[in-house]
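# Chain and residue survey
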Amino acid sequence: MRVLIVGSGGREHALAWKLNQSSRVSEILVAPGNAGTGGIAENADIAATDLQGLLTLALRRHVDLVVVGPETPLAKGIIDVMWAAGVPTFGPTQAAARLESSKIFAHEMMRKYGVPTAMSNTFATYQDALDHINGMPMPVVIKADGLAAGKGVIVAPTEHDAAKALHDILERRIFGDAGERVLVQEFLRGREVSLLAFTDGVHVAPMVPSCDYKRAFDNDEGPNTGGMGCYSPPGFFDDDEMVRRAIDIAVMPIVHGMDQEGWPFQGVIYAGLMVDGDNIRVLEFNARFGDPETQVIIPRMESDLAEVLLACIDGTLDPSSLQWKPGCSVGVVLASGGYPGDYAKGFPVLGLDRVDPDVAVFHAGTTYGRDKSIVTDGGRVMSLVATGPTMAEARERVYSNVARVSFSDMMYRTDIALREVCC
Ligand code: AMP
Ligand code: GLY
């Protein structure tokens, strides 16, 4: 089977790495990919948002399965375009991907199908929204309805900040059409968990839960990023009973609801959960594999990923057939100094040959230099991921390997999974 993976991050490298181990897969193409995917697959220089270019590639190379990483092509309808041409594709249609591409749509679905979430109201004008927040308990959460490159959620500590966020989104249109409407939401307290699940539109098979770190610096300081590290499983969410309950209250009703409404959801459904004791509420849904969650989940997957993806497409997903490795995994992102702001590129990455063979190196912003060496080419350069019987061992192994890799201005967080091993 020939597989095309769409995307260029660590998530796509992890998917390629796992699919490369499947006896069902004979060839992997990645578009556009990075230096890491180039080492195990064939990169095709086509942007993840170039739907026609990707379709032409899939047809010309007789691709048997397309797997889509990022949200933008899903929201643009890549799944519909591929299926219309007869190319089997893993992921939700444009209509189903609205669970991620419209926060208001997701909220309405949650309300209709009884999924616990934050109290929210929708507004299309600045004045109405402003009147509503007047006297609300702070902080309050303001969410642009559409996709805003991960920047569309603002947690406003004061009414003044909330008014500014509403003005920026609804009047100044800093997110363009994505800010035509906003969701004003109650601030929830607790601990966040990412719970991803495969679904064929009816059956739901959870993956192992994980926690990501969004802030740039240790102790959750600094600006928000695309993710600086991740680990699995969270100690406070590590039993099958809890996962089962979260699937039953948060994921099953939505999968069922999407089917009822005529928009069956096939692919990965990602529930961002806020967990406060026994209380589980949904912060958001994503319609795809998470990044950097995938990099720590995939090394824990025992089952053949290709088989699972095909079962989702065929409508034959059997949740009891999925096998996961016990133990823990920790992933640390190595980023370019200055990220998520301005940073320089083109620095050689040194020491990769000294990384232990059983520590995974998932590339993101990398490319080949003139002499075929690997050089930095993005903000998040790569993740190192180690597994181990305990979190302490996985953590120790990943950081001792991180210390062997270097490039100019390299930065990384030193506290990934620390809260699981100390006080
Ligand atoms: P989202 O894209 O909706 O997950 O929001 C991004 C981040 O904003 C989440 O990971 C949370 O850290 C935070 N967040 C979103 N909604 C809420 C909420 N209602 N209460 C508290 N924090 C929130
Ligand atoms: N880790 C957050 C995301 O993939 O959206």
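For the structure itself, consult the block above.
These figures come from a predicted structure and were not determined experimentally. Sequence positions are assigned chain by chain, starting from 1 and proceeding in written order. All chains are assigned letters beginning at A, and all ligands numbers beginning at 1, according to the order in which they are written. Two thresholds apply to this predicted model, a pLDDT of at least 70 for residue-level local features and 80 or more for giving and counting side-chain atom pairs, whereas whole-chain, interface and lining totals are computed over all residues. The basis for the side-chain values is all heavy atoms of the structure; hydrogens and waters are excluded.

### Let's talk about the sheet that holds strand S3 (residues 42-43)
The criterion for strand pairing is that DSSP finds at least two bridges linking the strands in question. Only DSSP runs of H or I with at least four residues qualify as helices, and only runs of E with at least two residues qualify as strands; both kinds are numbered from the N terminus onward. Pairing in this open sheet of five strands is parallel, and the strands run S3-S2-S1-S4-S5 from one edge to the other. Each end of this open sheet is capped by a strand with a single partner; those strands are S3 and strand S5 (89-90). Sheet analysis places strand S2 (residues 27-32) next to S3, joined by two bridges and oriented parallel. Bridge assignment links Val-30 to a residue of S3, and that residue is Asn-43. The sheet contacts of helix H1 (residues 10-19) involve strand S1 (2-7), S2 and strand S4 (65-68), and relative to S1 the element is tilted by about 165 degrees. Whether two residues are in contact is decided by their heavy atoms, any of which lying within 4.5 Å being enough. Angles shown run from 0 to 180 degrees and are taken between the N-to-C directions of axes, each axis being a line fitted to C-alpha atoms and, for helices, limited to the stretch in contact.

### Concerning the site of ligand 1
Glu-186, Leu-188, Glu-192, Lys-214 and Glu-284 are the nearest of the 14 residues found near ligand 1. Here Lys-103 contributes a side-chain N or O atom positioned 3.4 Å from an oxygen atom of ligand 1. Pairs of N or O atoms within 3.5 Å make up the polar contacts considered here, provided that, within protein, one atom can donate a hydrogen while the other can accept it, and that residues adjacent in sequence are counted only when both atoms are side-chain atoms. A distance of 2.8 Å separates a nitrogen atom of ligand 1 from a polar atom in the backbone of Leu-188. Residue-level accessible areas treat just the shown protein chains as cover; the underlying method is Shrake-Rupley with a 1.4 Å probe. Coverage of ligand 1 by the protein amounts to 85% of the 470 Å² it exposes when considered alone. Mapped by element, the contributors of at least two residues to the shell around ligand 1 are strand S7 (140-144), strand S9 (182-186) and strand S15 (279-286). Following the grouping adopted for this structure description, the nonpolar residues are Ala, Val, Leu, Ile, Met, Phe, Trp, Tyr, Cys and Pro, the charged ones are Asp, Glu, Lys and Arg, and the polar ones are all others, Gly among them. Considered class by class, the residues forming the shell around ligand 1 number seven nonpolar, one polar and six charged. We call a residue near a molecule or strand as soon as one heavy atom of that residue lies within 4 Å of the molecule or strand.

### Concerning the site of ligand 2
Close contacts around ligand 2 come from Asp-212, Tyr-270, Asn-286, Arg-288, Gly-290, Asp-291, Pro-292 and Glu-293, and that covers them all. Contact distances for ligand 2 include 3.4 Å between an oxygen atom and a side-chain N or O atom of Asn-286. Between ligand 2 and the protein, one listed contact pairs an oxygen atom with a backbone N or O atom of Asp-291 at 3.0 Å. When ligand 2 is considered free in solution it has 200 Å² of accessible area, and contact with the protein chains removes 86% of it.

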